[in-house]
Amino acid sequence: MAASEQTERKDSYRYSYLWNMHKQCHHIPYNEVRVILQSLGYPVEHDVHKDLEFEKILRRLDPHNKGYVTYDIFVNFISREPSGEDPDKQLQESFLLLAKGKDYITSDELLDVFPPDVAEYCIARMELSKNTAVEGALDYSTFDIHIKHPKYTS
């Protein structure tokens, strides 16, 4: 079996494991996050108290310090490799994931995943969506425009 086939098979097993965990509880406890990251080759230590890299990753994945990581956020994290992918595209894909595939996101959804100050920052820089009848729906595609070109937005 070729090395690439072995890698694909291992990745398939890992994603199957994650999917099963997601179906059971919709979130992944920190100890499972650590094991999965180690199996993927991330430089995380076995000793929880000495692992600054793991703490850094957890701050990104669980900013509210809830003690677990949601399945969607974790899969999004591990599926991204430093690839030179367009950061604007990454930002839009991240919002699409947070919005569960919708072309808009609500203030409540942002407040569920971000600390209040970060959520308010995003909300203040998004226009109301014109593509839905959902009251208060925000068009996340306008977020990066407001960040990059604040003078040219209304």
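Analysis parameters
Residues numbered from 1 in each chain as written. Predicted model: local features only at pLDDT ≥ 70, side-chain atom pairs only at ≥ 80, totals over all residues. Heavy atoms only, no water. Phe/Tyr/Trp six-rings, centres within 6.5 Å; stacked < 30°, edge-to-face > 60°. Helix = DSSP H or I, 4+ residues; strand = E, 2+ residues; numbered from the N terminus. Buried < 20%, exposed > 50% of the residue type's maximum accessible area, 1.4 Å probe, protein only. Salt bridge = Lys/Arg side-chain N within 4 Å of Asp/Glu carboxyl O. pLDDT = per-residue confidence, 0-100. Axes fitted to C-alpha atoms, helices over the stretch in contact; angles between N-to-C directions. Parallel < 35°, antiparallel > 145°, perpendicular 65-115°, else oblique. Left-handed = near helix turned anticlockwise from the far one by under 90°. Contact = heavy atoms within 4.5 Å. Nonpolar A, V, L, I, M, F, W, Y, C, P; charged D, E, K, R; others polar. Arc of directions from axis to C-beta.

Caption draft 1: Local environment of the packing of aromatic side chains. The full count for this structure, using the stated rule, is three aromatic pairs. Relative to Y140, the ring of F95 lies with its centre 5.7 Å away and its plane at 25°, an arrangement referred to as stacked. With F95 in helix α5 (residues 87-98) and Y140 in the loop between β4 (138-139) and α8 (143-148), this pair connects stretches of sequence that are 45 residues apart. Measuring from centroid to centroid gives 6.3 Å for Y121 and F143, while their planes differ by 75°, and the two rings are edge-to-face. Linking Y121 in helix α7 (residues 116-124) with F143 in helix α8, this pair joins segments that are 22 residues apart in sequence. Note on Y121: relative accessible area 38%, which makes it partly exposed. By relative accessible area, F143 is classed as buried at 8%.

Caption draft 2: Representation of the pattern of salt bridges in the model. Overall, the coordinates contain one salt bridge when judged by the stated rule. A salt bridge links E109 to K102, with the nearest nitrogen and oxygen atoms 2.6 Å apart. With relative accessibility at 15%, the residue E109 sits in the buried group. With relative accessibility at 23%, the residue K102 sits in the partly exposed group.

Caption draft 3: The arrangement of the confidence of the model for the protein in detail. Taken as a whole, the protein shows an average pLDDT of 76; of its residues, 68% reach a score of 70 or greater. Across the protein, the element-wise mean pLDDT spans from 60 in helix α1 (residues 3-25) up to 93 in β4.

Caption draft 4: View of unusual backbone geometry. Positive phi, close to 55°, is recorded for N65, a residue that is not glycine. Within the secondary structure, N65 is located in the loop between α3 (52-61) and β2 (68-70). Positive phi outside glycine occurs at K100, with the angle close to 55°. Tracing the backbone through its elements, the reader meets K100 in the loop between α5 and α6 (107-113).

Caption draft 5: Local environment of the packing of α3 against helix α4 (residues 71-79). Between α3 and α4, the least distance of the axes is 10 Å, while the angle of their chain directions is 125°. By the angle class used here, α3 and α4 are oblique. In this structure, the crossing between α3 and α4 has a hand that is right-handed. Within the contact between the two elements, α3 uses I57, R60 and L61 and α4 uses I73, F74 and F77. Here the contact of α3 with α4 is built from residues that sort into five nonpolar, no polar and one charged.

Caption draft 6: Spatial organisation of α3. Among all positions of α3, only F54, I57, L58 and L61 are buried. Down the axis of α3, the buried set is contained in an arc of 100°. They therefore lie on one face. Looking at α3, the residues exposed on the side facing more than 90 degrees away from the buried face are L52, R59 and R60.

Caption draft 7: Looking closely at α7. Among the residues of α7, A119, C122 and I123 are the ones counted as buried. Angularly, the buried residues of α7 cover 100° about the axis, an arc narrow enough to put them on a single face. Exposed side of α7, more than 90 degrees from the buried face: D117 and A124 are the residues found there.

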